[in-house]
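# Structural overview for review
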Amino acid sequence: MRVPDGMSDEEAKQKQDDLNTYAEGNGFHLAIVFYEYVPGAQSAFTELVEAVGRAGAKQVVVPSYRELALNRSLQDAMLTHLFYATGGAVVISLEDGS
């Protein structure tokens, strides 16, 4: 979850609450939320890929694909990397419903 400088604590908490609500309502267990505070950084994504691979998880839930990257081509590349690096994990976007 990206946390830009201008995001309030309440907004960040609401995003996390939305993730929890989705997980609980769809039979998932939300194990951890990764936060990215630096614009353009990908350290949280790297940690996510490693954790998903270790846990053998098959779904990752994000508030929107823009949490991964602003550019659609980069989003697609990150989704593909996550899928192959973890043996098939897919991303579910709350915003897009997929």
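As a reminder, the structure under discussion sits directly above these lines.
Residues numbered from 1 in each chain as written. Predicted model: local features only at pLDDT ≥ 70, side-chain atom pairs only at ≥ 80, totals over all residues. Heavy atoms only, no water.

## Describing the packing of aromatic side chains
What counts, and what does not: Any pair of Phe, Tyr and Trp rings, taking the six-membered ring for Trp, is counted once the centres come within 6.5 Å. Such a pair is stacked with planes under 30 degrees apart, edge-to-face with planes over 60 apart, and tilted for the rest. Throughout, exposure labels follow a simple rule: accessible area from a 1.4 Å probe, protein chains only, divided by the maximum for the residue type, with under 20% read as buried, over 50% as exposed, and the rest as partly exposed.
For the structure shown, the criterion picks out 3 aromatic pairs. Seen in terms of ring centroids, Phe-83 and Tyr-84 are 5.1 Å apart; in terms of plane orientation they differ by 85 degrees. Their pairing is edge-to-face. Classification of Phe-83 as partly exposed rests on a relative accessible area of 34%.

## Considering helix H3 (residues 72-85)
Let me state the cut-off plainly: Secondary structure elements follow DSSP: runs of H or I no shorter than four residues count as helices, runs of E no shorter than two count as strands, and numbering proceeds from the N terminus. For a helix, the expected span equals 1.5 Å multiplied by the number of residues minus one. In this context, the arc is that of the directions from the helix axis out to the C-beta atoms. By the convention used here, residues are in contact when the closest approach between their heavy atoms is within 4.5 Å. By the criterion applied in these results, polar contacts are pairs of N or O atoms within 3.5 Å in which, for protein atoms, one can donate a hydrogen and the other can accept it, and in which residues neighboring in sequence qualify only through two side-chain atoms.
Across its 14 residues, H3 extends 20 Å between first and last C-alpha, which sits within 8% of the 20 Å expected from 1.5 Å per residue. Among the residues making up H3, those that are buried are Gln-75, Met-78, Leu-79 and Leu-82. Considered in projection along H3, the buried side chains sweep an arc of 100 degrees and stay on one side of the axis. Away from the buried face of H3 by more than 90 degrees, exposed residues Ser-73 and Tyr-84 are located. Tucked into the core, H3 has its buried residues touching helix H2 (43-55), strand E1 (59-62) and strand E2 (90-93). Here H3 starts with a cap whose side-chain oxygen sits 2.7 Å from the backbone nitrogen of Ser-73, and that cap is Asn-71. Immediately beyond the C-terminal end of H3, within one or two residues, lies Gly-87, with a positive phi of roughly 75 degrees.

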